[in-house]
Amino acid sequence: MATNSLQSLNYRHRTPPLRRRHSLDSPPPTLLLTPKPNTGNQTLSSSSTVKTYSLSSSSTTTAQSTTSFDLLRRLLDANDFREADEETRRLIIALAGEAAQKRGYVFFSEVQFIEEADLKTIDQLWRNHSNNKFGYSVQKRLWEKADKDFTKFFIKVGWMKKLDTEVLQYNYRAFPDEFTWELTDETPEGHLPLTNALRGTQLLSCILTHPAFAAQQEETPLLLEDEEEQKQSKLPVGKGLFKTNYSF
């Protein structure tokens, strides 16, 4: 049984047939080099009286003039989680600074330039519109619960899927069709927002360890694991057997 478990974790390192998405930490495809403009008519019509979330005063001038949390709030109000995920990606790029905006994606080293208040606002919007099921702080709690093992974490939040094989194997989900864009009882906790980890997990790690969530462990007590989670946590997933090549 132990042999099968180890064999099952020997993931095949072939490039999954996934369509490249607008990435935060790696150059996106040619058609996606420019992030979506922040226009209110992408999916929803503008309202005459809309509460706008403003950026903190210490944000860069460029970010102040081009970035607002209003569209993200309205998309989440409408439960349009697919577009809200895309808008979150655009916001992270805008808040990371002028260089990231010109480049069209974020280096993990630029996450430190995002203001705590701004990252907390994004996280709070996701939590408020998902009954605390989505958001970066939720993902951080689950990541720490998985002993900061990204493979276990990816399986927990549903970013990888179990294959129908005799031995236990997982593969990457195909973006966007195999991800869940609605809030149901079956939607994995922490499933959204997505973070591309094509070049590794440093970007996601920097987001989850950002000072904005430094006190998150004290504010959100860990829930007791159920029997199934305890069994899953004992599996030696990814310990020296899995190369980071997450490409959703």
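Residues numbered from 1 in each chain as written. Predicted model: local features only at pLDDT ≥ 70, side-chain atom pairs only at ≥ 80, totals over all residues. Heavy atoms only, no water.

1. Here we look at the packing of helix H3 (residues 70–77) against helix H6 (residues 116–128)
Axis angle and axis distance: for two packed helices, these are the angle between their axes and the distance between the axes, and together they describe the pair. What counts here: Only the contacting stretch of a helix is used when fitting its axis, a line to C-alpha atoms as for every element, and angles between N-to-C directions run 0 to 180 degrees. Numbering of helices and strands runs from the N terminus; a helix is a DSSP stretch of H or I covering at least four residues, while a strand is a stretch of E covering at least two. If an angle is under 35 degrees, it is roughly parallel; if it is over 145, roughly antiparallel; if it lies from 65 to 115, roughly perpendicular; otherwise it is oblique. Pairs of residues are marked as contacts when any of their non-hydrogen atoms sit within 4.5 Å. Classes in brief: Ala, Val, Leu, Ile, Met, Phe, Trp, Tyr, Cys and Pro nonpolar; Asp, Glu, Lys and Arg charged; the others, Gly included, polar.
The contact between H3 and H6 brings their axes to 10 Å, and the two run at 10 degrees. As summarised for this structure, H3 and H6 are arranged roughly parallel, according to the angle between their axes. From H3, Leu72, Arg73 and Leu76 reach across to H6, where they touch Ile122, Leu125 and Trp126. Of the residues that constitute the contact of H3 with H6, the class distribution is five nonpolar, no polar and one charged.

2. Looking at the packing of aromatic side chains
We apply this condition: Any two of the Phe, Tyr and Trp rings considered here, Trp counted by its six-membered ring, make a pair once their centres fall within 6.5 Å; the pair's planes then place it as stacked at under 30 degrees, edge-to-face at over 60, or tilted in between. Exposed residues in this analysis have more than 50% of their type's maximum accessible area, buried residues have under 20%, and partly exposed residues fall in between, with area computed by a 1.4 Å probe over protein chains only. Counted as over-ring charges are cases with an Arg CZ or a Lys NZ within 6 Å of the ring centre that also lie within 35 degrees of the ring normal.
Under the definition given, this model contains 14 aromatic pairs. Ring geometry for phenylalanine 150 against phenylalanine 154: centres 6.0 Å apart, planes inclined by 70 degrees, an arrangement best described as edge-to-face. Residue phenylalanine 150 and its partner phenylalanine 154 are both found in helix H8 (residues 150–156); the two are separated by four residues, about one turn of the helix. The burial state of phenylalanine 150 is the same as that of phenylalanine 154; both residues are buried. Here the aromatic rings of phenylalanine 153 and phenylalanine 154 are separated by 5.8 Å at their centres, their planes lie at 55 degrees, and the arrangement is tilted. Grouping residues by exposure puts phenylalanine 153 and phenylalanine 154 together as buried. Sitting over the face of the ring of tyrosine 105, arginine 103 holds its NZ or CZ atom 5.4 Å from the ring centroid. Positioned over the ring face of phenylalanine 107 is arginine 103, at 3.7 Å from the centre of the ring.

3. Quick notes on H3
A large share of H3 lies buried, amounting to seven of its eight residues. Turning to H3, its buried residues number three or more, namely Asp70, Leu71, Leu72, Arg73, Arg74, Leu75 and Leu76. Looking at the packing, one finds that the buried side of H3 touches helix H4 (81–95) and H6. Once H3 finishes, asparagine 79 follows within two positions and takes phi at roughly 60 degrees, a positive value.

4. Some points on the pattern of salt bridges
Our working definition: Note on definitions: salt bridges are taken to be side-chain nitrogens of Lys or Arg within 4 Å of carboxyl oxygens of Asp or Glu.
Scanning the model with the defined rule gives 12 salt bridges in all. A salt bridge links arginine 90 to glutamate 87; the nearest nitrogen and oxygen atoms lie 2.9 Å apart. Taken together, the residues span about one helical turn, with arginine 90 and glutamate 87 both in helix H4 at a distance of three residues. According to the relative accessible area criterion, arginine 90 is buried, its value standing at 8%.

5. Quick look at the side chain of histidine 191
How we decide: For this analysis, a polar contact is any N or O atom pair within 3.5 Å, provided that within protein one partner can donate a hydrogen and the other can accept it, and provided that sequence-adjacent residues contribute only side-chain to side-chain pairs.
Position of histidine 191 relative to the elements: it lies in the loop between strand S2 (170–172) and helix H9 (202–208). For histidine 191, a relative accessible area of 1% corresponds to the buried category. In this structure the side chain of histidine 191 is engaged in a polar contact, spanning 3.0 Å, whose partner is the backbone nitrogen of threonine 180. If near-sequence neighbours (up to four positions away) are discounted, histidine 191 is found in contact with Phe134, Gln139, Val157, Gly158, Trp159, Phe179 and Thr180.

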